[in-house]
Each structure stands twice: as structure tokens, then as C-alpha cells.
Amino acid sequence: MAVEKASHQGNQRGLYHGGLYRWSVLLAFCTLLLVVAGGMVTSRDAGLSVPDWPLSYGKLMPPMEGGILYEHGHRMVATTVGMLTIISMIWLLKVESRRWLRILGVVALLAVITQGVLGGLTVLYLLPWWISSAHASLAQLFFSTTVAIALFTSDWWIRGPRQIGEDPRYPVRGLSLAVPVCVLAQLFLGAAARHKAIGSIYHICGSPIVTGVVLWVALRILLHYAENRELRAIAITLITVTFCQVFLGIAAYMTRIAYADAVQPMPLMVTFTVLHVAVGALTMATSVALAILIRRNIPDSRVEFSRADSVAAA
Amino acid sequence: MPVIDMSSNPQCERQHHSPVKAELVVVNANGTLKNVFVWIKSGLPSGRWPQPQQAARLDQNGCIYQPHVLGIMEGQQLEIFNDDPVNHNVHAESVVNPAWNESQPPRAEHKFKKFEAEEILFPVTCSVHPWMRAWVGVSPHPFFAVTGDDGSFSLKGVPPGTYTIEAVHEKYGRKEGKLTLAAGGSATLEFTYGG
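All chains use their own residue numbering, which begins from 1 and follows the written sequence. All chains are assigned letters beginning with A, and all ligands numbers beginning with 1, in the order in which they are written. It should be noted that, the model being predicted, local features are given only for residues of pLDDT at least 70 and side-chain atom pairs only at 80 or more, the latter also being counted only at that level, while totals for whole chains, interfaces and linings use all residues. As a convention, hydrogens and water are excluded, and side-chain values are obtained from all of the structure's heavy atoms.

Brief notes about the overall build of chain A
Right, so step 1: Where helices and strands are cited, they refer to DSSP runs of H or I of at least four residues and of E of at least two residues respectively, numbered from the N terminus. Of the regular secondary structure elements, chain A holds 11 helices and zero strands.
Right, so step 2: If you list the helices and strands of chain A from N to C, you get α-α-α-α-α-α-α-α-α-α-α.
Right, so step 3: For chain A, whose C-alpha radius of gyration is 21 Å, the value lies close to the compact-globule estimate of 20 Å for 314 residues.
Right, so step 4: Overall, chain A is about 70 × 45 × 30 Å in size when its C-alpha atoms are taken along their principal axes.
Right, so step 5: Working definition: with a 1.4 Å probe on protein chains only, accessible area under 20% of the residue-type maximum means buried, over 50% means exposed, and in between means partly exposed. By residue count, 49% of the 314 residues in chain A fall in the buried class.
Right, so step 6: Should any heavy atoms of two residues lie within 4.5 Å, those residues are considered in contact. Restricting the contact set of chain A to residue pairs at least 6 apart, pairs at least 24 apart contribute 78%.
Right, so step 7: Method for areas: the Shrake-Rupley scheme with a 1.4 Å probe, in which residue coverage is limited to the protein chains shown. As presented, chain A carries roughly 15000 Å² of accessible surface, and 71% of it is formed by carbon and sulfur atoms. Atoms counted for the radius of gyration: C-alpha only. Globule rule: 2.2 Å times residue count to the power 0.38.

Remarks on the overall build of chain B
Right, so step 1: A tally of helices and strands in chain B yields one helix and 13 strands.
Right, so step 2: Over its C-alpha trace chain B gives a radius of gyration of 18 Å, about what one expects of a compact globule, namely 16 Å for 195 residues.
Right, so step 3: In terms of its C-alpha atoms, chain B occupies a principal-axis envelope of roughly 55 × 35 × 25 Å.
Right, so step 4: Taking the intrachain contacts of chain B between residues at least 6 apart in sequence as the baseline, contacts between residues at least 24 apart amount to 56%.
Right, so step 5: Looking at chain B as shown, the accessible area adds up to about 9600 Å², and 49% of this sits on carbon and sulfur atoms.
Right, so step 6: Between the averaged position of the 16 positive side-chain charges in chain B and that of its 20 negative side-chain charges there is a distance of 2 Å. For this count, His and the chain ends are skipped, Lys and Arg are scored as positive, and Asp and Glu as negative. For this purpose, a charge sits on NZ of Lys, CZ of Arg, CG of Asp or CD of Glu.

Details of the sheet that holds strand S9 (residues 119–125) of chain B
Residue and element names in this part refer to chain B.
Right, so step 1: Pairing between two strands requires that DSSP report at least two bridges joining them. Taken together, five strands build an open sheet; the order of strands is S4-S10-S9-S6-S7 and the sheet is mixed. The open sheet is flanked by strand S4 (69–73) and strand S7 (100–104), the only strands paired with a single partner. Strand after strand, the sheet turns through a mean of 25° between neighbouring axes, direction not considered.
Right, so step 2: For S4 and strand S10 (residues 133–139), the ladder comprises five bridges, and the chain directions are parallel. Within the sheet, the bridge partner assigned to Ile72 lies in S10 and is Val138. In this analysis, axes come from line fits to C-alpha atoms, helices being fitted only over the stretch in contact, and the angle between any two N-to-C directions falls in the range 0 to 180 degrees.

A word on the nonpolar core
Right, so step 1: Here, nonpolar core means buried Ala, Val, Leu, Ile, Met, Phe, Trp, Tyr and Cys residues that are tied together by side-chain atoms lying within 4.5 Å of each other. Within the largest apolar cluster, 48 residues are counted, with the highest numbers of intra-cluster contacts made by Val179, Leu231 and Ile294 of chain A.
Right, so step 2: It is helix H10 (residues 267–297) of chain A that provides the largest number of residues to this core, a total of seven residues.
Right, so step 3: In this structure, Ile294 of chain A is in contact with Val172, Arg173, Ser176, Val217, Ile221 and Leu231 of chain A, ignoring residues within four places of it in sequence.
Right, so step 4: The next biggest cluster of nonpolar side chains, apart from the first, holds 31 residues, and it includes Cys63, Ile80, Val128 and Ala134 of chain B.

Examining the layout of surface pockets
All names here are of chain B.
Right, so step 1: Empty space within the second largest pocket amounts to approximately 430 Å³.
Right, so step 2: Thr32, Leu33, Gly151, Phe191 and Thr192 are, among the 22 residues lining the second largest pocket, the residues nearest its centre.
Right, so step 3: For the lining of the second largest pocket, the residue count by class is 11 nonpolar, nine polar and two charged. In this analysis a 1.4 Å probe is tested at points of a 1 Å grid over the protein atoms alone, and where it fits but cannot get out there is a cavity; an open set with protein on both sides within 12 Å along at least five of seven lines is a pocket; lining residues have an atom within 4 Å of a point. Grid points are joined across faces, edges and corners, and a volume is the space filled by probe spheres set on the points. Gly falls in the polar group here, along with every residue not listed as nonpolar (Ala, Val, Leu, Ile, Met, Phe, Trp, Tyr, Cys, Pro) or charged (Asp, Glu, Lys, Arg).

Comments concerning the pairing of S4 of chain B
Right, so step 1: A large share of S4 of chain B lies buried, amounting to five of its five residues.
Right, so step 2: Judged by which residues are buried, S4 of chain B turns out to be covered on both faces: Val69, Gly71 and Met73 of chain B on one side and Leu70 and Ile72 of chain B on the other are all buried.

Notes on helix H8 (residues 200–224) of chain A
One full turn of an α-helix is made of 3.6 residues, so residues set three or four places apart face in the same direction.
Residues and elements named next belong to chain A.
Right, so step 1: In this model H8 runs 36 Å from its N-terminal to its C-terminal C-alpha over 25 residues, within 8% of the 36 Å that 1.5 Å per residue would give.
Right, so step 2: Axes are fitted to the seven residues ending at a residue and to the seven starting at it; the angle between these axes is taken as the bend at that residue. Of all the bends in H8, the greatest reaches close to 25° and is centred on Ser207; the proline Pro208 follows between one and four positions later.
Right, so step 3: Taken residue by residue, H8 has His203, Gly206, Val210, Thr211, Val213, Val214, Val217, Ala218, Arg220 and Ile221 as its buried positions.
Right, so step 4: Buried-residue contacts for H8 involve helix H6 (173–176), helix H7 (178–194), helix H9 (229–258) and H10. How far a helix is expected to stretch is found by multiplying one less than its residue total by 1.5 Å.

Shown next as C-alpha cells:
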């Protein structure tokens with residue numbers, strides 16, 4: 001039985017900046033919209049409707065007709081997210097006292113710049129699968145980063161964890177990283193299948209494996225660490241999001257089969273596919289949040305033992 | 001044949017007075033198949049064949065490619081027109097020849113393109129209007145044709161010999177047949193697609 005104990009960090013409310021937190025939430029929300037916009041481009045087969053980059057038809061604002069609406073719309077949302085990320089980084093560098101979080105702000109900016117360049121290159125090189133898949137996967141990682149920044153800048157985070165000890169019979173710290181790694185691998189397979197590098201069968205076969213890993217870790221939390229409210233909440237959230245994602249995946253696949261002979265993307269297929277991409281991003285971000293919360297709320301007992309040994313030796 | 005939904009671009013829709021059907025599979029009134037690319041795959045004597053002086057033409061009209069299937073010779077000019085009041089992008093999804101994707105705004109100058117290597121068939125698409133798809137076959141010789149409204153094809157001026165003729169359809173795939181042609185004579189070959 002795990003035992004809950006008081007936080008070692010104590011109250012650090014002085015670190016909290018309400019404006020920065022709200023900005024971080026806005027950035028994460030806009031990034032999710034960007035993922036949706038990107039999903040629309042691929043699902044509508046509009047990826048090459050604007051052949052040039054960084055301009056669109058040689059202009060900042062081309063006629064928003066047909067596929068151009070989706071491709072240039074995606075570029076506009078991406079530019080907005082880029083601006084928000086720049087401001088987020090400057091804000092973090094200016095007011096944030098945690099060095100690692102300032103570094104994370106810089107990493108987020110580098111990621112969004114890389115993401116923009118990948119988006120441009122995939123247009124100029126006519127959608128090579130590996131650039132397009134890297135673009136899709138980095139989008140998921142960037143969204144998770146923005147969610148993590150929102151988490152770290154929240155008042156709730158700064159109030160400190162309510163730590164509980166790890167039950168050696170049911171270790172969970174090591175497993176916590178397996179979930180986001182598996183989800184990311186599954187997202188990459190999905191992106192590669194969408195860009196026709198591999199068959200959908202690999203993504204479909206990956207689904208029960210990832211669902212199994214999610215259930216394994218989330219149920220272990222619910223069965224053995226449920227007294228910690230944060231862990232309980234994130235585990236339930238991850239299970240819910242994952243099941244939604246599996247349902248949407250099945251629906252997206254079935255509509256693709258049903259419309260295999262369609263001469264243009266059909267609205268139902270586009271809807272389910274875009275929702276599958278968006279909830280995929282939410283699954284990734286939730287799995288990252290789960291890993292973060294597990295490692296924050298369940299301290300590494302080996303580190304504690306080593307510290308105790310040092311104190312005893314002194 | 002499914003009807004194309006052009007509502008995403010009303011300027012395309014306004015150019016048609018009745019619903020436009022997709023040309024993925026066009027069965028003629030006599031039960032034959034339209035838009036099948038037919039060519040001599042092998043058996044011709046080696047050597048270079050004279051290229052047509054005239055450029056082949058691909059129109060974008062009413063947000064539809066015309067013709068739907070087009071044959072050209074290696075090195076022959078392909079002239080691409082945009083007769084529509086809307087922007088198009090023209091994406092040659094060739095694999096053997098270098099692929100390219102270029103915008104073609106309304107009233108823009110015609111595009112002239114060449115394909116230097118044999119490639120049968122590859123799609124030409126427009127991502128602004130995802131229903132737009134044409135197929136291009138690049139042949140090393142002038143003995144190719146596309147079946148029309150009666151499902152027939154005709155290859156003229158073929159020297160005597162024994163040939164492998166290939167028929168290629170965008171949905172139903174490839175079929176081959178053998179044919180021997182005597183000097184000054186003619187021969188008939190029929191392809192049957194199921195499904």
C-alpha cells in the first residue's frame with residue numbers, strides 16, 4: 001500500500017504568473033487547432049494546392065478557394081502559433097525562475113521553427129513520406145510540449161506535489177515513459193500510412209499494443225495509487241481519450257474503405273480522420289502528462305536511499 | 001459514375017449546367033470501355049521515331065481535365081491551358097520522369113512541358129480541386145491510342161511484325177495481347193476487362 005506524504009517542495013506560490021499561465025493555455029489550444037488544420041490539409045488532399053513556399057502563389061494572401069483554403073489556412077494558423085511561441089519564450093525568459101522551464105521555452109520555439117521548415121520542405125519536394133511523417137510526428141511532440149509548459153506554469157503545479165511512495169510490488173515510474181514512447185511510435189506509423197509509405201495494417205496492428213500498454217499503466221495507477229487524486233484523474237483521462245481514439249480510428253478506417261472509389265475526399269471520411277488526428281494529439285499530450293505526474297508524485301526511492309546514505313555517512 | 005461535388009469552389013460549379021460525372025470508369029452505350037490507353041509495348045524495330053511537330057494539349061476547363069487520358073511521345077511538347085477563372089495547380093505525379101507541381105492562375109500563359117522517358121501511365125492532378133485527375137502515357141514511339149465513345153482504338157502506320165499490345169486502364173489495370181501484322185495488312189485485337 002502506497003503512503004501519501006507531504007510535499008518536499010512546500011509552497012512556491014511566488015513562482016506563479018497568472019498571465020504567463022493563461023498565455024501558455026492559449027498557446028496549447030491554438031496548437032491543437034493547428035493540428036486540426038494540418039489534418040484537414042492531408043484529409044482534403046490539399047497538401048500541394050499551394051506549390052510555392054514560404055509565399056502562396058507569390059503572395060501573402062492568395063484567393064482562398066478550394067484546397068488553397070486548407071493549405072494556406074494551415075500556414076496562417078501555423079504563423080499565429082509561431083508568434084505565440086516567440087512571445088511565450090520571451091515571457092518565460094523574462095519572468096520564470098526555473099532554468100529548465102526557460103530552456104523548455106527555447107526548445108518549443110526551436111521545435112516550431114523546425115516544424116515550419118519541414119512543412120515548407122515537404123511542399124517543395126512534393127510530399128516525400130519521410131518529411132511529411134516527420135512533420136506530422138513533430139506536430140504531436142510540439143503540442144505535448146505546449147501542454148507541458150501550461151502544466152508547469154499553472155498555480156496547481158507550483159503548489160507542489162502530494163507525493164506517495166512507490167509500491168515495490170507494483171513499480172510504475174519506469175513504465176511511465178513506455179506510454180508516450182508507444183503512443184508516439186503509433187502516431188508515426190499512422191502518419192507514415194497516411195502518406196502512403198506503409199500499409200495501414202502496421203498502424204492497425206499497433207493499436208492493440210498501445211492500448212494494452214495504456215491500460216496496463218493506467219489500471220496499475222487506479223488499482224494501486226488511486227489515493228493520489230492527480231494520478232487518478234490523469235489515468236482516467238488517458239483511458240477515456242484512448243478509447244475515443246480507438247473508436248475514431250475504426251470509424252476513419254471504415255469510411256476510407258466505404259469511399260475507396262470516391263473521386264474526392266468525402267465529408268464523413270474527412271471528419272473522422274481529422275478527429276482521429278486531433279484526439280491522437282490529445283492522447284500523446286495526456287500520456288506525456290501522465291509520465292510527468294507519475295515521476296513528480298512518486299519519487300525515485302533509490303535516489304532517496306542514496307541521499308539518506310550520504311547523510312548517514314556525513 | 002459518381003457525381004463530382006464542386007461546391008467547395010462555386011466558380012467551378014457555375015460553369016456547368018448539369019451535374020458532372022467522374023470519368024474513373026466510363027462505359028459506353030455499346031458496353032465498351034472509354035479512356036483505355038493502348039500502345040505497342042514491344043516488338044517494334046529499334047530506332048528513333050519521328051516526334052510530332054504539334055504539341056499535345058491538356059485543358060483545364062470547368063475544373064475538369066480534358067482529355068481525361070492523353071498519350072504523348074517522349075520529348076514531345078505538352079501544352080497545358082487554364083481556361084478557368086480560378087487558380088489551379090498542375091501536379092505531374094510521374095515516377096520515372098521527374099515529378100513537378102506548379103501553379104497556373106487564371107489568364108496565365110500556357111505551360112509547355114516535356115517528358116523524356118517512357119512512362120505509362122501516371123496521373124496529373126490538381127490539389128486545389130481534388131476531383132481533377134488526368135492520366136498521361138509517355139511512349140517512345142507514335143503507336144498509341146486512347147479508346148473513345150465506341151471503345152475502339154486504331155494504331156496506324158505500324159510496320160509488319162509481331163507485337164505485344166498493352167491496354168492500361170486507371171482502375172482496371174493492365175492487359176496484354178499478341179498480334180501479328182503482315183505487310184500492307186491489318187489486324188484486330190480485343191481486350192476484355194471484368195468487374
